[in-house]
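So the chains spell out like this:
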Amino acid sequence: MATSFPDGFRWGASTAAYQIEGAVNEDGRGLSIWDTFSHQPGRILGGDTGDVACDHYHRWPADVALMRELGIGAYRLSIAWPRIFPEGRGSVNPKGLEFYDRLIDAVMADGIEPWVCLYHWDLPQPLEDRGGWQNRDVGSWFADYAAVTVRRLGDRVKHWASFNEPNAAAVLGYGEGVHAPGIRGRESALKAIHVMNLAHGLGVEAMRSERADLLIGNIYNFHPREPASEREQDETAAAMLDALWNRSFPDAQIHGVYPERLSAQMEVLVQPGDLDIIKQKFDFFAFNHYTRSRVRHDQDHPFEAVTVPPEPGTPVTEMGWEIVPDVLRQVLVEVKERYSGDRPIYVLENGAAFADHIDEDGRIRDERRIAYLRGYLGAVQDAIAAGVPVRGYFVWSLLDNFEWAFGYSKRFGLVHVDFSTLERRLKDSFHFYAELASGGSLERE
C-alpha cells in the first residue's frame, strides 16, 4: 500500500557541528568540552576524537552538493559556539562567522532552507573551567552568543533552536558522566538542567530583541521509559527517569513548572523570576525520537534509575535500541495534547545505526535502515491522520559521523564515510529518502 504525505511537508536532514566539522584547531576556533573529553584516555570507544570527523569544515561544498542530490528542502545544522567565541565570551572570531555565512549561502543557493541550532553540546572549555552549566553566568554568556549569531545570520535563517537535547547534555554529561564534561552526580545534573533552562529563556529573549521575524523553538528528546518489572521500585525509577529525561525541559519552558517528581529538588536552585524567564513563547515544537527503554531501580545511579536492554529476540538497531515505530505515533499524539496544541510539530532527528557493508559492486544495501525509516515514517503518517500537525521530518543523519562516546563505531548516515580516506558513498537508503523528498509515496505493508 502506497500512501502520500501532505502537500508542503518539509523533508530535511540533520547534522551537528562537533560530529562532522573537524578542523578543531583552525581559523581561531577555541576548545570545547568535547575536545577535552575525547582526548581523555578511556572516554571514547576506540580512542576516537572529533579532531577530523567528516572534515566538513573543508569539504562542505561537496556535502552541500549531496544535500542537493538528496532533494531535501531543509537542513538542520548546529553552530559551534567555540568557533564564534573561542573563549566562550568576550571577543568574537570573525572567521567562525564567515564559515557559517558561506555555508548558509550555499545551502540556500540550492533551494534548501537552513535551520540553525545554537547548542549541540560543544560548550567552550573556558566556560566549563568557570563551572560550565552549573554556573548561572553561563546563561547570560549563551544569550550574548545567541545575539551575535542571529545578528549575523538572522537575515537569512528564519528557524532557530536554542538547544538540541539539553536533557542528554545535562543527564549524560553532568549526571552519569558518560558524556562531556564527564561529571557524575545528582546535584550537578539538576544544576545543569536549571542553568540550561535559564540559558534557553535568556537566549530566546536575546534573539527576539535582535529580530522580531524569527521562528524559535527548542529541540527536545522524547524517550519513553517503562518499568522493567511490576516491582514498585522499578515503577518509581521509571517515573523518575521520565521526569528527568522527558519532562524537565519542556515542562519548564512551556508550562513554567518543573515536573512534580523534581520540583522539590529544584526549589533550592530556582531564584525569583527564573521560571518567568524560562517560559518563553515558541513558534514550533521540535523533538528527536529513536526508541523507548525499560528501567529498573539501581541504588548506585545518581537518580537510582538505569535502563536495561530489551527482551531477548526484540528487534534492535546496532545501538541496541528497540525498534518500535508505533511509539513515535504515541509520542506525537502526546506532544500535541501536552505541549504544542495547534502549533506545527517537527521531528528533527530520527534514524538508525546499522553495520553497513560495501558490496563487491560498490553498493551499500542497507535494507534494515530502509525498513526502519519506512516503519517510523508510517508512524508519522498515522499521527497526521489522527490530527497531529506534523509539518516535517528530518532524518538523522546526512553523514556517518562521530557518534559521541561510541566514536566512529556506529553509522547513522544516509551517506557512508570512509574515515581513513573521508570518501563519501551513497547508501541505498539515500536513494529511498530522495524518492520521498521528491514527492514519492511511502510503500507500507
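Residues numbered from 1 in each chain as written. Predicted model: local features only at pLDDT ≥ 70, side-chain atom pairs only at ≥ 80, totals over all residues. Heavy atoms only, no water.

1. A word on the side chain of aspartate 101
Quick note on the threshold: Helix numbering and strand numbering both begin at the N terminus, where a helix is a DSSP run of H or I of at least 4 residues and a strand a DSSP run of E of at least 2. We call a residue buried when its accessible area falls under 20% of the maximum for its residue type, exposed when it is over 50%, and partly exposed in between, using a 1.4 Å probe and counting protein chains only. In what follows, a contact means two residues having at least one pair of non-hydrogen atoms within 4.5 Å.
Relative to the assigned elements, aspartate 101 resides in helix α5 (residues 94–109). According to the relative accessible area criterion, aspartate 101 is buried, its value standing at 13%. Apart from the residues lying within four places of it in its own chain, the contact partners of aspartate 101 are Arg152, Leu153 and Arg156.

2. Notes on the nonpolar core
Note that soluble globular proteins tend to have their nonpolar side chains buried in a common cluster. Just so we agree on the cut-off: Residue types Ala, Val, Leu, Ile, Met, Phe, Trp, Tyr and Cys, when buried and joined through side-chain atoms within 4.5 Å, form a set referred to as a nonpolar core.
In terms of nonpolar packing, the biggest core is built from 141 residues, with Trp81, Trp133 and Phe287 touching the most fellow members. With 10 residues, helix α9 (residues 186–210) is the single largest residue contributor to this core. Excluding residues that lie within four positions of it along the chain, tryptophan 81 makes contacts with Gly88, Tyr119, Asp122, Leu123, Pro124, Leu127, Trp133, Val138, Trp141, Phe142 and Tyr145. Within the second largest apolar cluster, 10 residues are counted, among which are Ala74, Cys117, Ala161 and Tyr346.

3. Some points on the packing of aromatic side chains
Heads up, the condition is: The rule is short: rings of Phe, Tyr and Trp, with Trp giving its six-membered ring, pair when the centres are within 6.5 Å, and they are stacked under 30 degrees, edge-to-face over 60, tilted in between.
Throughout the structure, instances matching the rule amount to 43 aromatic pairs. The interplanar angle of 70 degrees and the centroid separation of 5.9 Å between the aromatic rings of phenylalanine 142 and tyrosine 145 together place this pair among those described as edge-to-face. One end of the pair is phenylalanine 142 and the other is tyrosine 145, both in helix α7 (residues 137–153) and 3 residues apart, which spans about a single turn. Residue classification places tyrosine 145 among the buried residues on the basis of a relative accessible area of 0%.

4. A word on the pattern of salt bridges
Convention followed: We define a salt bridge as a contact between a side-chain nitrogen of Lys or Arg and a carboxyl oxygen of Asp or Glu at a distance within 4 Å.
Overall, the coordinates contain 36 salt bridges when judged by the stated rule. Between arginine 59 and aspartate 55 there is a salt bridge, with its nearest N and O atoms 3.1 Å apart. On the accessibility criterion, arginine 59 (31% relative accessible area) is partly exposed. Here aspartate 55 falls in the buried class, since its relative accessible area comes to 13%.

5. Comments concerning the environment of histidine 200
Here histidine 200 lies in helix α9. On a C-alpha basis, the gap between histidine 200 and glutamine 280 in space is 8.6 Å, while along the polypeptide they are 80 residues apart. Dropping the residues within four chain positions of it, histidine 200 is found in contact with Ser162, Phe163, Gly217, Asn218, Gln253, Ile278 and Gln280.

6. Some details on the side chain of glutamate 349
As for its placement among the helices and strands, glutamate 349 is situated in strand β11 (residues 345–349). In this structure glutamate 349 comes out as buried when scored by relative accessible area, which is 4%. Apart from the residues within four sequence positions on either side, glutamate 349 is in contact with Ser14, Arg76, His120, Asn164, Glu165, Phe287, Asn288, His289, Tyr290, Phe394 and Trp396.

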